[in-house]
Amino acid sequence: MIEKLSFHHQFRTAKNGSKRVLLVLHGTGGDENSLLPIAEVIDPEAAILSVRGKVLENGAPRFFRRFEEGVFDLEDLHFRSAELAEFISVACDHYQLDKNQIFAVGYSNGANIASSVMFLHPDILFGAILFRGTLPFIPSTPPDLTGKHVFISEGKYDPLVPLETADHLASLFLSYGAKTEFVWNELDHRLGRSEMNVARDWLASIYH
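Now for a look at the structure at hand. Fair warning: this is a prediction, and the values are worked out from it, not measured in the lab.

**Some points on the nonpolar core**
Then step 1. Of all hydrophobic cores here, the largest spans 41 residues; its most connected members are Leu23, Leu25, Val51, Leu84, Ile88, Leu125 and Phe173.
Then step 2. If you list the elements that add at least two residues to this core, you get strand E2 (21-25), strand E3 (47-51), helix H2 (74-95), strand E8 (102-107), helix H3 (109-120), strand E9 (127-131), strand E10 (149-155) and helix H4 (163-175).
Then step 3. Broken down by element, the residue count for this core peaks at seven residues, all from H2.
Then step 4. Setting aside anything within four residues of it in sequence, one finds Ile88 in contact with Leu23, Ile102, Ile124 and Leu125.

If you want it as structure tokens, here you go:
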């Protein structure tokens, strides 16, 4: 495997001629297999590129370091975002994927690095589905996300994502020009099947 594809990952080819690509990004302690069933629900025909984070926190894979819960190592986050953006670009060439059809599907830590990639490398992703994401940082230079699509799904009783932080994340994406759908659920940090179905319907609506 070429060096720039050094992320552990799973790849599944698209079905029925679909050009869509789901970039699947797990939460803390997950891996490249954790969210595959969710990706299948959201888009059963898309190609799937599911990636394992390189950072270990007490043995649990993550996509970037943090100092404590909710306090991120921003220098590492920026570095890891650039590293992931480069991987996505190289993987698209390697697997012959359409670079204009990549949707991140991120949960928790995976959602946070997906937001970071969109903020710092806005040309890499066409959109993102963010489950239980928080605001990773406020970009010093506002990115132009015109034409991008973002779906944010939060839990009203999530102890890890304050309500005002989730609102701020959605408002930033809107202010940067992304077409943003923001959904609250009667849930905590865990995912529910109903919100996966809502995300599936939202994604399908973009292509109809």
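**Section: unusual backbone geometry**
Then step 1. Even without being glycine, Gln96 reaches a positive phi, approximately 55°.
Then step 2. Mapped onto the fold, Gln96 is located in the loop between H2 and E8.
Then step 3. The exposed category is assigned to Gln96, whose relative accessible area is 73%.

**A look at the sheet that holds E2**
Then step 1. Strands sit in the order E1-E3-E2-E8-E9-E10-E11 across an open sheet of seven strands; the sheet is mixed. Among the strands making up the open sheet, the edge pair consists of strand E1 (9-12) and strand E11 (179-185). Strand-to-strand twist of the sheet, defined as the mean angle between neighbouring strand axes without regard to direction, takes the value 10°.

**Re the side chain of Glu195**
Then step 1. Tracing the sequence through the fold places Glu195 in helix H5 (residues 193-206).
Then step 2. For Glu195, the residues in contact, after removing those within four places along its chain, are Phe131, Arg132, Ser153, Asn185, Leu187 and Arg190.

**Digging into the pairing of E3**
Then step 1. Counting buried residues along E3, five of its five residues qualify, which places the element largely inside the surrounding structure.
Then step 2. A two-sided burial pattern is seen for E3, the buried positions comprising Ala47, Leu49 and Val51 on one face and Ile48 and Ser50 on the other.
Then step 3. Of the strand pairs in this sheet, E1 and E3 are connected by four bridges, and their pairing is antiparallel. Counterpart to Phe11 in the pairing with E3 is Leu49.
Then step 4. Both E2 and E3 contribute to a ladder of five bridges, which runs parallel.

Definitions and limits used
Residues numbered from 1 in each chain as written. Predicted model: local features only at pLDDT ≥ 70, side-chain atom pairs only at ≥ 80, totals over all residues. Heavy atoms only, no water. Core = buried A, V, L, I, M, F, W, Y, C linked by side-chain atoms within 4.5 Å. Buried < 20%, exposed > 50% of the residue type's maximum accessible area, 1.4 Å probe, protein only. Helix = DSSP H or I, 4+ residues; strand = E, 2+ residues; numbered from the N terminus. Contact = heavy atoms within 4.5 Å. Pairing = 2+ DSSP bridges. Axes fitted to C-alpha atoms, helices over the stretch in contact; angles between N-to-C directions.

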